[in-house]
Amino acid sequence: PEQRPEVALVPMQPRHELERTWLRSLVGGVEGLDALTKDPLPDEPLDVSGVPADLRDRVTAIAARLDGVAMSLLGVEGRTACRRLLGRAVAAEPALLRGSDRDDIAAGAVVHAVAMANDLLGPGRAITSTALWTHMGLKSSPHDRARRFAHAVAGPAGVDLALGYRRVAHVWRL
């Protein structure tokens, strides 16, 4: 008779370690997890200091479009997260706004990215995609544009493949 290979039994990680590993993946690593606090994000104005001068007015106009929706769907923290993402993404990748893309789609993409990154958007979540589109006056999901905004701040190497977003605590956390 053929001998079967011996199977090595590897002990399972304790549940709390599995959860910590999962949390680290959500916030971008050990440093991101260590930086998290229970304090809510403050109410911050839009920071366009890193945005190229020729795009600052447009970024400000997009922020004005998303502010009301972000407040009604995500609250003050969500609005701050949206403002941070918009300013930092365009500063990192100005091509996001150069071209023919409409400002309403860019605004919807930012709100979509923040809601998705915080697990608030989708079936069985606090916000449905349809509710977001309706609030933003869009005809379809800005998911692809949202991914581009997320990649601009997180980089494709740091993106969680399951959702397409890397949760960066200082940008995304609500």
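About the criteria used
Residues numbered from 1 in each chain as written. Predicted model: local features only at pLDDT ≥ 70, side-chain atom pairs only at ≥ 80, totals over all residues. Heavy atoms only, no water. pLDDT = per-residue confidence, 0-100. Helix = DSSP H or I, 4+ residues; strand = E, 2+ residues; numbered from the N terminus. Contact = heavy atoms within 4.5 Å. Core = buried A, V, L, I, M, F, W, Y, C linked by side-chain atoms within 4.5 Å. Buried < 20%, exposed > 50% of the residue type's maximum accessible area, 1.4 Å probe, protein only. Axes fitted to C-alpha atoms, helices over the stretch in contact; angles between N-to-C directions. Parallel < 35°, antiparallel > 145°, perpendicular 65-115°, else oblique. Left-handed = near helix turned anticlockwise from the far one by under 90°. Nonpolar A, V, L, I, M, F, W, Y, C, P; charged D, E, K, R; others polar.

Some remarks on the confidence of the model for the chain
Stage number 1. On average, the chain scores 83 in pLDDT, and the residues at 70 or more come to 85%.
Stage number 2. For the chain, per-element mean pLDDT is lowest for helix H7 (residues 169-172), which scores 44, and highest for helix H3 (residues 56-92), which scores 94.
Stage number 3. This stretch, residues 157-174, has a pLDDT under 50; its non-local contacts, to residues over four places away or in other chains, come to 62 contacts.

Quick notes on the nonpolar core
Stage number 1. Core analysis: the biggest nonpolar cluster contains 35 residues, and Leu-66, Cys-82, Leu-86, Val-90, Leu-97, Val-111 and Phe-149 have the highest contact counts within it.
Stage number 2. Counting residues per element, this core draws most heavily on H3, which supplies 13 residues.

What about the environment of Ala-91?
Stage number 1. Along the chain, Ala-91 turns up in helix H3.
Stage number 2. Distance from Ala-91 to Val-51, taken between C-alpha atoms, is 4.3 Å for residues 40 residues apart in sequence.
Stage number 3. Residues contacting Ala-91, with those up to four places away along its chain left out, are Gly-50 and Val-51.

Description of the side chain of Arg-145
Stage number 1. Residue placement: Arg-145 occurs in helix H6 (residues 143-154).
Stage number 2. Exposure remark for Arg-145: the relative accessible area of 10% places this residue in the buried category.
Stage number 3. Every residue in contact with Arg-145, bar those within four places of it in the chain, is listed here: Leu-96, Leu-97, Asp-101, Ile-105, Ala-106 and Ala-109.

A short note on the packing of H3 against helix H5 (residues 129-136)
In a packed pair of helices, the relevant descriptors are the angle between the two axes and the axis-to-axis distance.
Stage number 1. For the pair H3 and H5, the least separation of the axes is 10 Å and the interaxial angle reads 150 degrees. By the angle class used here, H3 and H5 are roughly antiparallel. Classified by chirality, the crossing of H5 by H3 is right-handed. Mapping the contact onto sequence places Val-69, Ser-72 and Leu-73 in H3 and Leu-132, His-135 and Met-136 in H5.
Stage number 2. Residue composition of the contact of H3 with H5, grouped by class: four nonpolar, two polar and no charged.

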